[in-house]
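Residue-level structural notes
If you want the building blocks of each chain, they are given just below.
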Amino acid sequence: MSLLDRYVLRSFLEPFLMCFAGFIAIWFIIDIQDNFNDFMEAHATFKQISGYYITQVPQTIMMSLPVGLMLALLFSLSRMSRTNEIISQLTAGRSVVRVLVPLFAVGVLMTGFCLWLNWDRAPHAEGIKKNAMNQIKRGKKAGTVEPILAHLFRDRQNNRTWFVRKLRPGENRLDGVHVTQQDPTGRILKKWYASSATYDPVKKEWKIEKGMIVNFTPEGDMIDSEADRFPSGFRIIKDWTETPWRVASSELNPASLSVPELQEYMKFNSDFPPVQLAPYEANLADRYALPFQCIIAVLLAAPLGIVFNRRGVVGGVAAAITLLVAMLMSHSFFLMLGKSMRLSPYFSPWIPNIALGIVGFLLLWYRSTNRDFPKFTFSLRR
């Protein structure tokens, strides 16, 4: 890295860190003001409150990074333009694109960092947020997984129906289990009853305890056998392909599932109607598309931040902020279209990135070739 690259990078990093920390602080102040009365009424301890906000850090970073990148770029590049530092580098033989290379590198790094966060940490934070306040009011630690009660799950691939009295997502133990095995025509072949069922992820087998197994004849009559009763014992079942997460997945919100969880859900529920799978497909595509807002923000702000006169600063900042608002609003809009199958669930979340990426490349081409940006003027004729 050359001396000029380090200087451009240093000029950008200071305002970027200030903008990023400022957005985190603003979010914290607004959120704590909204929830202050709830914290007081629940007599929440400092440990509970800090635990709540720690769980929300990944999601907050995801929201703050694109905005912080764009504002820091506008500030640093416009300041370097006013002091003729950009012009000095151009007259020294550097192109506009070469001047911006360190900033594009930061955008790529931030995109990779957001992709890492959005793989599982940010989606889980979104899911925890909805239940965290209720947990604090009940005196529990924020982020504690709430149990699912009276859960029904149908495994269409193996023709098995599960009823579980209580389960906790992420745990390998189910309480009050009733499993019914049917043939492809719907005839009941066998039923398992157990007070609990524990899954061993290493051996990939189930251990059902304190229950009984009931077999049925082709006519539907029960075959009663003392050998199938184990009121104080257990049985090991090795041919069930279901896992605790798969049993609980039908109750989970796709917006709070990680990439591996979404992939697993669609793999085991591929026979669901397309409309039912669309929210999961759209959220999976969004896990990859959303982090690219960082590099798009850099691509839009970089050419708009380089100006060669004072009047151009205001116009560049206004245009960049307008494009940023359009990017943030269009993301939610097109994600909704994908979930409802108005557009392809896999393609819809990428549309804002593609459209604004094209705009960014055009702006960069105009600036690197020293052309004026297109002006949109409207005149009223009598």
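This structure is a prediction, so every number in the text was calculated from the model and none was measured. Counting restarts for each chain: residues are numbered from 1 in the order of the written sequence. In keeping with the model being predicted, local features are shown solely for residues with a pLDDT of at least 70 and side-chain atom pairs are shown and tallied solely at 80 or more, while totals for entire chains, interfaces and linings include all residues. Values reported for side chains reflect all heavy atoms of the structure, with hydrogen atoms and water molecules removed beforehand.

Attention shifts here to the side chain of Lys 191. The residue Lys 191 is located in strand β4 (residues 188-200) in this model. Buried means the residue's accessible area, taken with a 1.4 Å probe over protein chains only, is under 20% of the maximum for its type, while exposed means over 50%, and partly exposed covers the values in between. Under the convention used here, Asp and Glu are negative, Lys and Arg are positive, and both His and the chain ends fall outside the count. Any carboxyl oxygen of Asp or Glu that lies within 4 Å of a side-chain nitrogen of Lys or Arg is treated as forming a salt bridge with it. Summary of buried charges: Lys 191 has no salt-bridge partner, and the nearest side chain of opposite charge, Asp 221, is 12 Å away. Whether two residues are in contact is decided by their heavy atoms: any pair within 4.5 Å suffices. The residues touching Lys 191, leaving out its near neighbours within four places in the chain, are His 178, Val 179, Thr 180, Met 212, Ile 213, Val 214 and Phe 216. Helix and strand labels come from DSSP, where a helix needs a run of H or I of at least four residues and a strand needs a run of E of at least two; each type is numbered from the N terminus.

Counting across every chain of the model gives 7 salt bridges. Here Arg 160 and Glu 242 are joined by a salt bridge, their closest N and O atoms 2.9 Å apart. Pair noted here: Arg 160 is in strand β2 (residues 160-167) and Glu 242 is in the loop between β7 (229-237) and α6 (244-248), with a separation of 82 residues, a long-range link. Exposure class is identical for Arg 160 and Glu 242. Each is buried. One salt bridge in this structure joins Asp 183 and Arg 187, with 3.4 Å as the shortest N-O distance.

To continue, consider the packing of helix α1 (residues 3-41) against helix α3 (residues 57-82). Note on method: axes are straight lines fitted to C-alpha atoms, helices fitted across the in-contact stretch only, with angles between N-to-C directions ranging 0 to 180 degrees. Direction vectors running N to C along α1 and α3 enclose 140 degrees, while the axes themselves pass 7 Å from each other. Accordingly, the angle class assigned to the pair α1 and α3 is oblique. You can see that α1 and α3 cross each other, and the crossing is right-handed. Grouping the amino acids of the contact of α1 with α3 by side-chain chemistry returns 19 nonpolar, 5 polar and 1 charged. For classification purposes, an angle smaller than 35 degrees is called roughly parallel, one larger than 145 roughly antiparallel, one from 65 to 115 roughly perpendicular, and anything else oblique. For a crossing to be left-handed, the near helix must be turned anticlockwise from the far one by less than a right angle; the clockwise case is right-handed. When residues are sorted by character, Ala, Val, Leu, Ile, Met, Phe, Trp, Tyr, Cys and Pro go into the nonpolar class, Asp, Glu, Lys and Arg into the charged class, and all the rest, Gly among them, into the polar class.

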